[in-house]
Amino acid sequence: MIWKDFRSFVAEMDRRGAVKLIEGAHCDLEIGTLTELMCERRGPMLLFDAIAGYPSGFRIAAAPYGTTVRTAAALGFPERSTAFEMVKLWRDKMRSYQPLAPVQVSSGPVLENVMEGGSVDLTRFPTPIWHEKDGGPYLGTGCSVITGEPGEPWVNVGTYRCMLHDAQTTGVDIAPYHHGHLHMAKWWAEGKSCPVAVAIGTDPYLFAASTNNVPWGTPEYEFAGFLKGEPLEVLRGPRTGLPVPANTELLLEGEVPPPDSERRMEGPFGEYTGYYAGGEKMAPVIRVQAVYYRTDPLLHGAPPLKPPMSTGLSTPSGSVLGVWEGLEKCGMAGIKGVYSLSTGGGFTTVVSVQQQYAGHARQVGRIASGLMHSMCRMIIVVDDDIDPSNAEEVLWAIATRSDPVTSFEIQPDSPSGTLDPMISPERKKSGPLTSGRALIIACRPWEWKDQFPAVNRASDALRGRIYDKWRSVFEV
Ligand SMILES: Cc1cc2nc3c(=O)[nH]c(=O)nc-3n(C[C@H](O)[C@H](O)[C@H](O)COP(=O)(O)O)c2cc1C
Ligand SMILES: [Mn+2]
């Protein structure tokens, strides 16, 4: 099934019984807390309509990709895929990557309603305060920020949070190494404001492209076209000239002035690590000059939640595919999988390996650590019988196949980031943004691995035989 737009995905999930309609909820913490409670239960996607103080039809679909089942549906993977199977499927898919350029269209549903100049009023759209200690309401969570470079044709699309400041201004908070920031910095260096468009409620393909790390210079539109198997339809943003998705639910166009001319307080915001660690800081703003929206706009809400819950569509790749590829490029054989445990708050990377020679597991761990360019507290290397996406199994491996004295290696001064809760307020201001890392080798010792106690789990063959004979025992 190919998703035409965001609302067709939500409608199909509804048809499958995976959506619950809620009417009358309030933007002030009700929508956010209901979303958290339902995600915790791995329940349906919540569709908020008749939001208190807003007209019916101005809707929010919250955490549409909040379960592995809905993530798999969005990306066209088999319904029962586990998170780790999706990493493998995604990796296989990327092997045949072919950019698919978007097609330019002259009009689209997003132009159904327009506000321009002085009539721009962002307060018309329901904008939740998602978490109790958030510094304000966030319009941009499930959003895609579109930018270009001065004089260059390629366009970037990235998901960066946008806090609502007032009827015509939002914030935009981008990590300094992300492409949207690198683009903006080029305009600012010329003393100019950076033209920008923000799409909210795009089809799943563009959202997947804008949340997964696509290399610098690779246009996310082409990547999204590849994921879709069809070119995306874009139109020329009337105000900025940037290509914008024709089918997005809501689109803002405007500019980001150089931060030395205008910045405002941004945050705190509940982040995917499970903390408000980024705090409150001065951040660039978007001066919104035009707003376009579909009739009965369906906004996409993707509030970060405390692990293990995750509301992005980045589960399939996370930061780990680069590590997996990198290990293989370095000639490491026997890699069965790499996974960033969401329970680990984005700080825990697990590599599963079939050991090949003395020292192999440790070498794999050291290389994996070298490949983790940002926040990471632990690299855990496990044998190939351990599912790296199963936190309980990984903990069992650490407890039973490692000795803290010999199997833990401490690496000081590794790169970290502003969202790291262990970096003191002082160091957040003046640096360095570094953290120690533990490399944990939780593998059977190579030298005597054949004498290591056997695992008392029935073999797959025995399980299959017994299950087939006694099938009725398991039928409920
Ligand atoms: C739900 C969600 C929210 C995100 N919010 C932010 C954010 O506020 N700021 C940021 O720098 N990155 C954020 N990210 C990560 C980036 O969107 C992601 O790394 C993306 O690939 C960056 O695109 P780029 O490489 O083109 O800059 C978020 C990711 C997800 C899944
Ligand atoms: Mn990019």
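On a predicted model such as this, the values are computed, not experimentally measured, just so you know.

The rules we used
Residues numbered from 1 in each chain as written. Chains lettered and ligands numbered in written order. Predicted model: local features only at pLDDT ≥ 70, side-chain atom pairs only at ≥ 80, totals over all residues. Heavy atoms only, no water. Buried < 20%, exposed > 50% of the residue type's maximum accessible area, 1.4 Å probe, protein only. Helix = DSSP H or I, 4+ residues; strand = E, 2+ residues; numbered from the N terminus. Pairing = 2+ DSSP bridges. Donors = N, O, S within 2.8 Å, 3.2 Å for Na, K, Ca; no water. Domains from an automatic or database assignment. Contact = heavy atoms within 4.5 Å. Buried area = accessible area lost by both parts, 1.4 Å probe. Salt bridge = Lys/Arg side-chain N within 4 Å of Asp/Glu carboxyl O. Polar contact = N/O pair within 3.5 Å; in protein donor to acceptor, adjacent residues only side chain to side chain. Nonpolar A, V, L, I, M, F, W, Y, C, P; charged D, E, K, R; others polar. Near = heavy atom within 4 Å. Areas by Shrake-Rupley, 256 points an atom, 1.4 Å probe, with all protein chains shown as cover. Arc of directions from axis to C-beta. Phe/Tyr/Trp six-rings, centres within 6.5 Å; stacked < 30°, edge-to-face > 60°. Lys NZ or Arg CZ within 6 Å of the ring centre and 35° of its normal. Patch = residues over 30% accessible without salt bridge, like charges linked within 9 Å, V, L, I, M, F, W, Y side chains within 5 Å. Axes fitted to C-alpha atoms, helices over the stretch in contact; angles between N-to-C directions.

Caption draft 1: Local environment of the pairing of strand S17 (residues 285-293). The element S17 is largely enclosed, with a buried count of 7 among its 9 residues. One ladder, built from 4 bridges, connects strand S5 (residues 113-116) with S17; its direction is antiparallel. Note that in S17 the partner of Met115 across the bridge is Val291. With 3 bridges joining them, strand S10 (residues 169-171) and S17 adopt antiparallel strand pairing. Directly across from Thr169, in S17, lies its bridge partner Arg287. In terms of strand pairing, strand S14 (residues 250-256) meets S17 through 6 bridges, oriented antiparallel. Across the sheet, Gly254 pairs through a bridge with Val288, a residue of S17.

Caption draft 2: Representation of the coordination of the manganese ion (ligand 2). Binding of the manganese ion (ligand 2) to the protein goes through Asn156 (OD1), His179 (ND1) and Glu220 (OE), at separations of 2.1 to 2.2 Å. In the primary structure, the donors to the manganese ion (ligand 2) are separated according to the pattern N-x22-H-x40-E. One end of the pair, Asn156, is in strand S8 (residues 155-158); the other, His179, is in helix H5 (residues 179-189), and 23 residues separate them in sequence. Classification of Asn156 as buried rests on a relative accessible area of 1%. With relative accessibility at 14%, the residue His179 sits in the buried group.

Caption draft 3: Region of the structure containing the domain arrangement of the protein. Considered domain by domain, the protein is made up of domain 1 (6-301) and domain 2 (320-451). If you average the C-alpha positions of domain 1 and of domain 2, the two centres end up 31 Å apart. Listed by partner, the interface residues are 13 residues for domain 1 and 21 residues for domain 2. With both sides pooled, the region where domain 1 packs onto domain 2 buries about 1300 Å², and carbon together with sulfur makes up 69% of that total. Here domain 1 is connected to domain 2 by 2 salt bridges. Arg91 is the salt-bridge partner of Glu328, the closest N and O atoms lying 3.0 Å from each other. There are 2 residue pairs in polar contact (both at pLDDT 80 or more) connecting domain 1 and domain 2. Residue composition of the side of domain 1 that touches domain 2, by class: 7 nonpolar, 2 polar and 4 charged.

Caption draft 4: Seen up close, the site of ligand 1. Near ligand 1 there are 18 residues, and of these Thr159, Tyr160, Arg161, His178 and His179 occur at the shortest range. A distance of 2.6 Å separates an oxygen atom of ligand 1 from a polar atom in the side chain of Tyr160. Separating an oxygen atom of ligand 1 from a backbone N or O atom of Asn212 is a distance of 3.1 Å. When isolated, ligand 1 has an accessible area of 640 Å², and the protein chains bury 84% of it.

Caption draft 5: Focus on helix H10 (residues 391-401). Taken together, the buried positions of H10 are occupied by Val394, Ala397, Ile398 and Arg401. Buried residues of H10, seen end-on, are gathered within an arc of 105° and therefore sit on one face of the element. Residues of H10 that are exposed and angled more than 90 degrees away from the buried face: Glu392, Leu395 and Ala399. Next to the buried residues of H10 lie strand S20 (348-353), strand S21 (378-383), strand S22 (408-415) and strand S23 (434-442). The residue sitting at the N-terminus of H10 and contributing the capping side-chain oxygen is Asn390; that oxygen lies 3.1 Å from the backbone nitrogen of Glu392.

Caption draft 6: Region of interest: the pattern of salt bridges. As enumerated under the stated definition, the model contains 29 salt bridges in all. In this structure, the salt-bridge partner of Glu409 is Arg366, at a minimum N-O distance of 2.9 Å. Here the residue Glu409 occupies a position in strand S22, and Arg366 occupies one in helix H9 (residues 360-371), the gap between them amounting to 43 residues. Shared partners join several salt bridges into a network, and the residues in it are Lys4, Asp5, Arg7, Glu249 and Arg294.

Caption draft 7: Fine view of the packing of aromatic side chains. If you walk through the whole model with that rule in mind, you get 15 aromatic pairs. Measuring from centroid to centroid gives 4.9 Å for Trp154 and Trp216, while their planes differ by 85°, and the two rings are edge-to-face. With a gap of 62 residues between them, Trp154 in the loop between strand S7 (143-148) and S8 and Trp216 in the loop between helix H6 (204-211) and helix H7 (220-228) connect regions that are remote in the sequence. For Trp154, a relative accessible area of 13% gives the class buried. Take Trp216: its relative accessible area is 40%, and that puts it in the partly exposed class. Feature note: the residues Trp3, Phe9, Tyr65 and Phe207 constitute an aromatic cluster, connected by ring pairs. Taking the ring centre of Trp324 as reference, the NZ or CZ of Arg91 above it sits at 4.0 Å.

Caption draft 8: Spotlight on a nonpolar patch on the surface. Side chains of Leu462, Ile466, Tyr467, Trp470, Val473 and Phe474 sit close together on the surface and give an oily, nonpolar patch of about 590 Å² of accessible area. Broken down by secondary-structure element, the contributors of at least two residues to the nonpolar patch are helix H13 (460-469) and helix H14 (471-474). Here the nonpolar patch gets 3 residues from one element, more than from any other, and that element is H13. Mapped onto the secondary structure, Val473 falls in helix H14. We classify Val473 as exposed; its relative accessible area is 54%.

Caption draft 9: Summary view of the sheet that holds strand S3 (residues 59-62). Pairing within the open sheet is mixed, and its 4 strands lie in the order S1-S2-S3-S18. Edge positions in the open sheet fall to strand S1 (19-23) and strand S18 (298-301), since each of these has one partner strand only. If you compare each strand with its neighbour and ignore which way they point, the axes differ by 25° on average. In this structure, S3 lies alongside S18, joined through 4 bridges in parallel fashion. Bridged to Arg59 within S18 is Leu298. Most of the contacts of helix H2 (residues 30-40) go to strand S2 (residues 45-49), to which it runs at about 160°, and overall it touches S1, S2 and S3.

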